[in-house]
Amino acid sequence: MRLAVVSNESCPLAAPTAEQRIWAYYVTERSKGPAPTGAELDRIAGTNNYGRRLLREWRRQGRITDDAAVDRQRSRSVRGAFELKWMLSNVLGGVLGFR
């Protein structure tokens, strides 16, 4: 029995999976700014709740970080610093005689 030789050109390339399309979009958008939401990922891939599921899985794997939590913590720190500055200038400044 002899097998026929088949060139690579005769096999069409497989279309990327939904996960591959979502990952490519996620990486591209993340490089521009805030991470896309699961709903946004679902829209570009034509899926339902799959984007959210992938985000959870990628966070669990350590593939991505939870940027929203980091951003919330950063804004709390900045807000806290401004509140402290205000308190020091208004409360202590009034007690010590400078405002």
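Scroll up to find the structure.
Below is a summary of the structure that appears in this document. Just so we're clear, the structure is a prediction, and the values are computed from it rather than from any experiment.

## Here's the deal with the nonpolar core
Listed in full, the eight residues of the largest apolar core are Ile22, Tyr26, Leu41, Ala45, Leu54, Leu55, Trp58 and Ile64. Residue assignment for this core shows that the elements contributing at least two residues are helix H1 (18-32), helix H2 (38-45) and helix H3 (50-61). With three residues, H3 is the largest single contributor of residues to this core.

## Digging into the packing of H2 against H3
Put simply, H2 and H3 touch, their axes get as near as 6 Å, and they point 125° apart. As summarised for this structure, H2 and H3 are arranged oblique, according to the angle between their axes. Viewed along their axes, H2 and H3 form a crossing whose handedness is right-handed. From H2, Gly38, Ala39, Leu41 and Asp42 reach across to H3, where they touch Tyr50, Gly51, Arg52 and Leu55. A class-by-class count of the residues in the contact of H2 with H3 yields four nonpolar, two polar and two charged.

## Thoughts on the packing of aromatic side chains
Following the criterion strictly, the structure yields three aromatic pairs and no others. The interplanar angle of 15° and the centroid separation of 5.7 Å between the aromatic rings of Trp23 and Tyr26 together place this pair among those described as stacked. Taken as a pair, Trp23 and Tyr26 lie in helix H1 at a separation of three residues, close to a single helical turn. Residue classification places Trp23 among the partly exposed residues on the basis of a relative accessible area of 25%. On the numbers, 6.0 Å between centres and 65° between planes, the contact of Tyr26 with Trp58 is edge-to-face. With Tyr26 in helix H1 and Trp58 in helix H3, this pair connects stretches of sequence that are 32 residues apart. For Tyr26, a relative accessible area of 5% gives the class buried. Through a chain of ring-to-ring contacts, the aromatic side chains of Trp23, Tyr26 and Trp58 assemble into a single cluster. Sitting over the ring of Trp23, Arg63 keeps its end group 3.9 Å from the ring centre.

Rules used in this analysis
- Residues numbered from 1 in each chain as written.
- Predicted model: local features only at pLDDT ≥ 70, side-chain atom pairs only at ≥ 80, totals over all residues.
- Heavy atoms only, no water.
- Core = buried A, V, L, I, M, F, W, Y, C linked by side-chain atoms within 4.5 Å.
- Buried < 20%, exposed > 50% of the residue type's maximum accessible area, 1.4 Å probe, protein only.
- Helix = DSSP H or I, 4+ residues; strand = E, 2+ residues; numbered from the N terminus.
- Axes fitted to C-alpha atoms, helices over the stretch in contact; angles between N-to-C directions.
- Parallel < 35°, antiparallel > 145°, perpendicular 65-115°, else oblique.
- Left-handed = near helix turned anticlockwise from the far one by under 90°.
- Contact = heavy atoms within 4.5 Å.
- Nonpolar A, V, L, I, M, F, W, Y, C, P; charged D, E, K, R; others polar.
- Phe/Tyr/Trp six-rings, centres within 6.5 Å; stacked < 30°, edge-to-face > 60°.
- Lys NZ or Arg CZ within 6 Å of the ring centre and 35° of its normal.

By themselves, these observations are geometric and do not establish any function.
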